[in-house]
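Now for the letters of each chain:
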Amino acid sequence: MPASPPDEERAALHVEDLDVAYGRALSALRSVSLTVPHGGVVTLLGANGAGKTTLLRAVSGTLRLHRGAITGGRIRYGDTALDGRDPVAAVRAGVVQVPEGRRVFAGLTVDENLRSGGLGLGRRSPALVREGRERVFTLFPRLAERPHQAAGLLSGGEQQMLAIGRALMAAPRLLLLDEPSLGLAPRMVARIAEVVREINAQGTAVLLVEQNAGMALSLADHAYVLEVGEIRLSGPADELARTDAVRRLYLGEETGTDHPSDAGQGVA
Amino acid sequence: MTGLLDNLLSGLALGSVYALVALGFVVIFKASGVLNFAHGSLLLLGGYLIAVLHDDLGFAGALALAVVVTAAVAGALDRFLLQRGEPDPHAAHVQTIVTIGLDIVLVTDLSRRIGGDLLSLGDPWGDSVHDLGPVTVADSRLAAIVVSAVVIGAVFALFRYTAWGLSLRAAAEDLEAASLMGVRLVRVRTLAWCLAGALAALAAVFLVAFPAPGLERTTGQIALKAFPAAILGGMTSPGGALAGSVLIGLTEAFVVGYQTELHVLGEGFGDVAPYAVMVLVLLVRPTGLFGARGAARV
């Protein structure tokens, strides 16, 4: 990883003591802190409703579309404050989210979907768009075969690739991935994992939100476990994968002991 | 035979004017999920501006200024009265109701100014006609067809090739996903309203040109015939709006042209025909001619 110290500081996501509420009353996140270092892969695990997607919305600035708001704490990416900003600010700063459930523009062609990924960057020269498209097509040859097909007619796996490719068109330095394995066949899940590794190797940091803990922990350097709006555990991914609580709750393994309290590396 | 060609041409001319209006409906609905009931009054505003300005500025100058002002008014209505800052995907219904109120305010004020007059827009075609083979056709109708075709073509190109067009189509498909791509939802939407306003002002010219008598306070209501055209086309499809408009225009022209033969339907069925066609088409295709399933995003 080519990371000189100042660059590292400039390109890291810091979430500090974040509180988020929906409709001014329903508290979704309480005092959540999390860091994604430059070029790193961090995973955020948790059950349905734990607040994983809420955290991503807070970072990408889409909370307001869901009548949610940040009620405390800070989010910054390098020098740029991202809390309370609109999604354009996040995209401009280099933080791009791939939404849960893929959400490709079904009526637009594959190529138009990719073009739409570059919209947030303002006037980009056609050369940059071509470059981005090239990169995506190298990563996903399947998409290169059908640029003029409507995205809604692609298979689930292809749509997930397109959703990731679309985000890559914005040349992100940090990619937020919300459940990329959701609803995909195991073979496709493995392919997505490969892709995440490849994207990371090209220098893009990844914050991976997953219910598929096995896949996520194998990819990540660092992991956080979110439970009912609070970070319960955090630590290096391989260590966390060995703890009883994570093995029992998220990897579905039988364990002898029953002491989640002495599991992880303490509450973050 | 002459009657057939006659009706065909006037149907096309009517249809191309309706298409300008219907395209505005569709652009607004696509961008904001709002059915703009104030569209007729925007058209009336555009026409009124041309009527009062053309003496001083000449027709072209008046038209240009009216198009710009109507676009600005439409954009401002959306930005400051409907959107008011944050994009809110759940507010489309309320905003649709608000446009009814806006329509009443605009029409009331413009009616007061126009009174019982018939205003001329000072268009260059006047009542001159051309002989095209066996039929005689008003120049204003030929101009309507040509100008509409060019403008509509340009709008389609905007949709397909510009960043704004792509932003609009992406946002219409999925507001949140578009916003995650950094699409400026507020701006894209306001520009859509501006475009619709500009199209409405342009449509006013041809709607009141010969053989219509001139601009009167009810001109805005005539524009509402573009409404069934837009619905026919599926409401979210610009191509559908175009097809729907031509269909409505032809229907109206033929019903009026063969009025004596269709006497059994009663006098003035031409005014009803667009709605009858809309109902018939929707009975067979509930989502319109080109509407996608679930096209109603409100």
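Residues numbered from 1 in each chain as written. Chains lettered and ligands numbered in written order. Predicted model: local features only at pLDDT ≥ 70, side-chain atom pairs only at ≥ 80, totals over all residues.

### Topic: helix 3 (residues 92–114) of chain B
Side chains of residues three or four places apart in an α-helix project in the same direction, reflecting 3.6 residues per turn. Residues and elements named next belong to chain B. In this model, helix 3 (23 residues) spans 32 Å end to end at C-alpha, consistent with the 33 Å of a helix rising 1.5 Å per residue. Among the residues making up helix 3, those that are buried are Gln-95, Thr-99 and Ile-114. After helix 3 finishes, the residue Gly-115 shows a positive phi value of roughly 60°. (Helix = DSSP H or I, 4+ residues; strand = E, 2+ residues; numbered from the N terminus. Expected span 1.5 Å × (residues − 1). Buried ≥ 20, exposed ≤ 12 C-beta atoms within 10 Å, placed from the backbone.)

### Focus: the sheet that holds strand 4 (residues 68–77) of chain A
Residues and elements named next belong to chain A. Strand order across the open sheet formed by four strands is 2-1-4-5, with antiparallel pairing between neighbours. Pairing within the sheet leaves two strands with one partner each, and these edge strands are strand 2 (26–36) and strand 5 (80–81). Docked against the sheet, helix 2 (residues 52–60) engages strand 1 (13–22), strand 2 and strand 4, running at close to 65° with respect to strand 4. (Pairing = 2+ DSSP bridges. Contact = placed C-beta atoms within 7 Å. Axes fitted to C-alpha atoms, helices over the stretch in contact; angles between N-to-C directions.)

### A word on the sheet that holds strand 8 (residues 205–210) of chain A
Residues and elements named next belong to chain A. Here six strands make up an open sheet; going across it, the order is 6-7-8-3-9-10 and the pairing mixed. What marks the edges here is a single partner per strand, and that holds for strand 6 (95–98) and strand 10 (230–236). Taken pair by pair, the neighbouring strands of this sheet meet at an average axis angle of 15°, ignoring direction. Inspection of the sheet shows strand 9 (residues 222–227) paired to strand 10 by six bridges, in the antiparallel sense. If you follow Ala-223 over to strand 10, its bridge partner there is Gly-235.

### Some details on the interface of chain A and chain B
Counting residues at the interface gives 24 residues for chain A, matched by 20 residues for chain B. Only helix 3 (87–93) and helix 4 (110–117) of chain A provide two or more residues apiece to the side of chain A that touches chain B. Taken together, the residues of the side of chain A that touches chain B break down into eleven nonpolar, seven polar and six charged. (Nonpolar A, V, L, I, M, F, W, Y, C, P; charged D, E, K, R; others polar.)

### Brief notes about the nonpolar core
All names here are of chain B. In this structure, Ala-22 and Ala-203 are the most contacted members of the largest nonpolar core, which totals 178 residues. Here this core takes 19 residues from helix 7 (residues 185–208), the largest share from any one element. In this structure Ala-22 touches Ala-226, Ala-229, Ala-230, Gly-233, Ala-241, Gly-244 and Ser-245, once residues within four positions along its chain are discounted. (Core = buried A, V, L, I, M, F, W, Y, C linked by C-beta atoms within 7 Å.)

### A closer look at the confidence of the model for chain B
Residue and element names in this part refer to chain B. A residue-level look at chain B finds 97% of positions with pLDDT of 70 or above and a mean pLDDT of 89. Per-residue pLDDT stays below 50 along residues 293–298; that stretch engages in ten contacts with residues further than four places along the chain or on separate chains. Among the scores for the predicted complex, ipTM is 0.87 and pTM is 0.89. (pLDDT = per-residue confidence, 0-100.)

### Focus on the pairing of strand 2 (residues 135–138) of chain B
Residue and element names in this part refer to chain B. Where strand 1 (residues 129–132) lies against strand 2, four bridges are found, and the strand directions are antiparallel. For Leu-132, the partnering residue across the bridge sits in strand 2 and is Val-135. In textbook terms, the turn of a hairpin is the stretch between consecutive antiparallel strands, and for strand 1 and strand 2 this stretch comprises two residues, one of which, Gly-133, has a positive phi near 55°.

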